[in-house]
Amino acid sequence: MGPWGGRQSMSEIRYRHLLEHNQRLQEDLTRYRIRISEASAGLIRYCKITGDPLVPSVWGPVQKTEDPYALQASRGFNCCSIQ
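What comes next concerns the included structure. The structure displayed is predicted, hence computed values, not measured ones. (Residues numbered from 1 in each chain as written. Predicted model: local features only at pLDDT ≥ 70, side-chain atom pairs only at ≥ 80, totals over all residues. Heavy atoms only, no water.)

All right, on to the environment of D52 then. Here D52 lies in the loop between α2 (36-49) and α3 (56-59). Taking the C-alpha atoms as reference points, D52 and P68, separated by 16 residues in sequence, lie 10.0 Å from one another. Looking at D52, its side chain comes within polar contact range of the main-chain nitrogen of L54, at 3.0 Å. (Helix = DSSP H or I, 4+ residues; strand = E, 2+ residues; numbered from the N terminus. Polar contact = N/O pair within 3.5 Å; in protein donor to acceptor, adjacent residues only side chain to side chain.)

Structure representation (structure tokens):
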């Protein structure tokens, strides 16, 4: 505590903020990182092998049973139900 009882001086408050900021920076240094080139290569590889039903011009038409975005028929009706 500061010399005025329970109040902290501005320099003590700044010092505490600097310590907290330093702690966050140290945590940042320990975070796992990869190079942008590696991340980009992984993203390109994923996009090349993973089909996207929303881009049929690239991947071809998708059967309705395989399309996660197609409306699924329920109880013989081809419409949606409001609950």
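Once the structure has been displayed, the description carries forward.
Applying the stated criterion across every chain yields a total of three salt bridges. For D28, the salt bridge is made with R31, and the minimal N-O distance between the two is 2.4 Å. Residue D28 is classed as partly exposed on the basis of its relative accessible area, which comes to 29%. Taking the shortest distance from any N to any O, the salt bridge between R33 and D28 comes out at 4.0 Å. (Salt bridge = Lys/Arg side-chain N within 4 Å of Asp/Glu carboxyl O. Buried < 20%, exposed > 50% of the residue type's maximum accessible area, 1.4 Å probe, protein only.)

So, on to α2. A rise of 1.5 Å per residue sets the reference length of α2, with its 14 residues, at 20 Å; its end C-alpha atoms lie 20 Å apart and thus fit the reference within 8%. Across the 14 residues of α2, zero count as buried, placing the element largely on the outside. (Expected span 1.5 Å × (residues − 1).)

Turning to its location among the elements, P68 is positioned in the segment after α3. We classify P68 as exposed; its relative accessible area is 59%. Residues P68 and P53, 15 residues apart in the sequence, show an inter-C-alpha distance of 8.0 Å.

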